[in-house]
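Here is how the chains run, residue by residue.
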Amino acid sequence: MKSLFKTTLTFSLLAMLLMAGAACTKGEFTDGERFLLFYHDITDIGPSASMSIEPSYHGAKPENFQITKVKFQGKDYQTECFAVDAQTGVFYVDQTQDLPVGLYSISISCVSAGKTYAFQDLIKVNMMKPVPDGITMEPSRIELLM
């Protein structure tokens, strides 16, 4: 009985190792040589806020980053509030006090290994109101006694 258990356990472990080895082929964890670019979305940013986010990528080091399009609520929009560093790809949000509340989508292009890649609606920025509806301060004013 003891040897049957050892034999069964040995074969089970061997089968699991073989399956794990087969699952760890290059094609399972990467997409080959395709270049990928990723930025985190910026959610719930308020007026006058400034921030930056760095990209991550899969493939050769990218350069020559550019913002190719900005959309607001799905329609093309012109603004200087969003910028990207051409060499590092760091995305900046600044001077947002006059931006309308809503969802912005930013398209980015870059060059990797001599080839230009364009990523539509890659970054999402959700601009919030200065004070969300329903939030009030009690008391509505503060008195300083001097």
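Whatever comes next refers back to the structure up there.
Small disclaimer: the values here were computed from a predicted structure and weren't measured.

Calculation rules
Residues numbered from 1 in each chain as written. Predicted model: local features only at pLDDT ≥ 70, side-chain atom pairs only at ≥ 80, totals over all residues. Heavy atoms only, no water. Helix = DSSP H or I, 4+ residues; strand = E, 2+ residues; numbered from the N terminus. Buried < 20%, exposed > 50% of the residue type's maximum accessible area, 1.4 Å probe, protein only. Pairing = 2+ DSSP bridges. Axes fitted to C-alpha atoms, helices over the stretch in contact; angles between N-to-C directions. Contact = heavy atoms within 4.5 Å. Polar contact = N/O pair within 3.5 Å; in protein donor to acceptor, adjacent residues only side chain to side chain. Salt bridge = Lys/Arg side-chain N within 4 Å of Asp/Glu carboxyl O. Core = buried A, V, L, I, M, F, W, Y, C linked by side-chain atoms within 4.5 Å.

Within the protein chain, the secondary structure is distributed over two helices and ten strands. Secondary structure elements in the protein chain, listed N-terminal to C-terminal, are α-α-β-β-β-β-β-β-β-β-β-β. Per-residue burial over the protein chain gives 25% buried out of 146 residues.

As summarised here, the arrangement of the three strands in space is S3-S8-S7, forming an open sheet in which the pairing is antiparallel. Both edges of this open sheet fall to strand S3 (51–53) and strand S7 (82–84), since each of them pairs with a single strand only. Strand-to-strand twist in this sheet, taken as the mean axis angle between neighbours without regard to direction, amounts to 20°. For S7 and strand S8 (residues 91–93), the ladder comprises three bridges, and the chain directions are antiparallel. Counted as the bridge partner of Ala-83 is Tyr-92 from S8.

Let us look at the environment of Glu-63. One can find Glu-63 in strand S5 (residues 62–72). Using a relative accessible area of 42% as the deciding quantity, one classes Glu-63 as partly exposed. Taking C-alpha positions, Glu-63 is 9.2 Å from Asp-85, a pair spaced 22 residues apart along the chain. Contacts of Glu-63, omitting those with residues within four sequence positions, involve Ala-86, Gln-87, Cys-110 and Val-111.

This part takes up the pairing of S5. Direction of pairing for S5 relative to strand S9 (residues 102–112): antiparallel, over a ladder of eight bridges. Its bridge partner lying in S9, Lys-71 is registered against Ser-105. Two successive antiparallel strands, S5 and strand S6 (residues 75–76), enclose a turn made up of two residues, where Gln-73 displays a positive phi of approximately 55°.

Turning our eyes to something else, we now look at the side chain of Ser-112. With respect to the element layout, Ser-112 can be found in strand S9. Judged by its relative accessible area of 2%, Ser-112 falls in the buried class. From its side chain, Ser-112 meets the backbone oxygen of Ala-60 in a polar contact 2.8 Å long. Contact partners of Ser-112, with chain neighbours within four places excluded, come to Phe-35, Ala-60, Lys-61, Pro-62 and Tyr-117.

Attention now moves to the pattern of salt bridges. On inspection of all chains with the given rule, the structure shows two salt bridges. Taking the shortest distance from any N to any O, the salt bridge between Lys-69 and Asp-76 comes out at 3.8 Å. Note that Lys-71 is salt-bridged to Asp-121, the shortest N-O span being 3.5 Å. Remark: Asp-121 occurs in strand S10 (residues 115–127) and Lys-71 occurs in strand S5; sequence separation between them is 50 residues.

Another point: the sheet that holds S10. Consider a sheet: its strands pair through backbone hydrogen bonds, and that pairing is either parallel or antiparallel. The five strands lie next to each other as S2-S10-S9-S5-S6, forming an open sheet whose pairing is mixed. Every other strand in the sheet has two partners, leaving strand S2 (42–45) and S6 as the edge strands with one partner each.

Attention now moves to the nonpolar core. One broad rule of soluble globular proteins: the nonpolar side chains tend to lie buried together. Ranked by size, the top nonpolar core spans 25 residues in total, and within it Tyr-39, Phe-91 and Val-125 carry the most contacts. For this core, the elements supplying multiple residues, two or more each, are S2, S5, S7, S8, S9 and S10. Ranked by the residues each element gives to this core, the list is headed by S10, at six residues. Each residue touching Tyr-39, except ones within four places of it in the same chain, is listed here: Ile-53, Glu-54, Pro-55, Phe-65, Val-84, Gly-89, Phe-91, Ile-108, Leu-122 and Ile-123.

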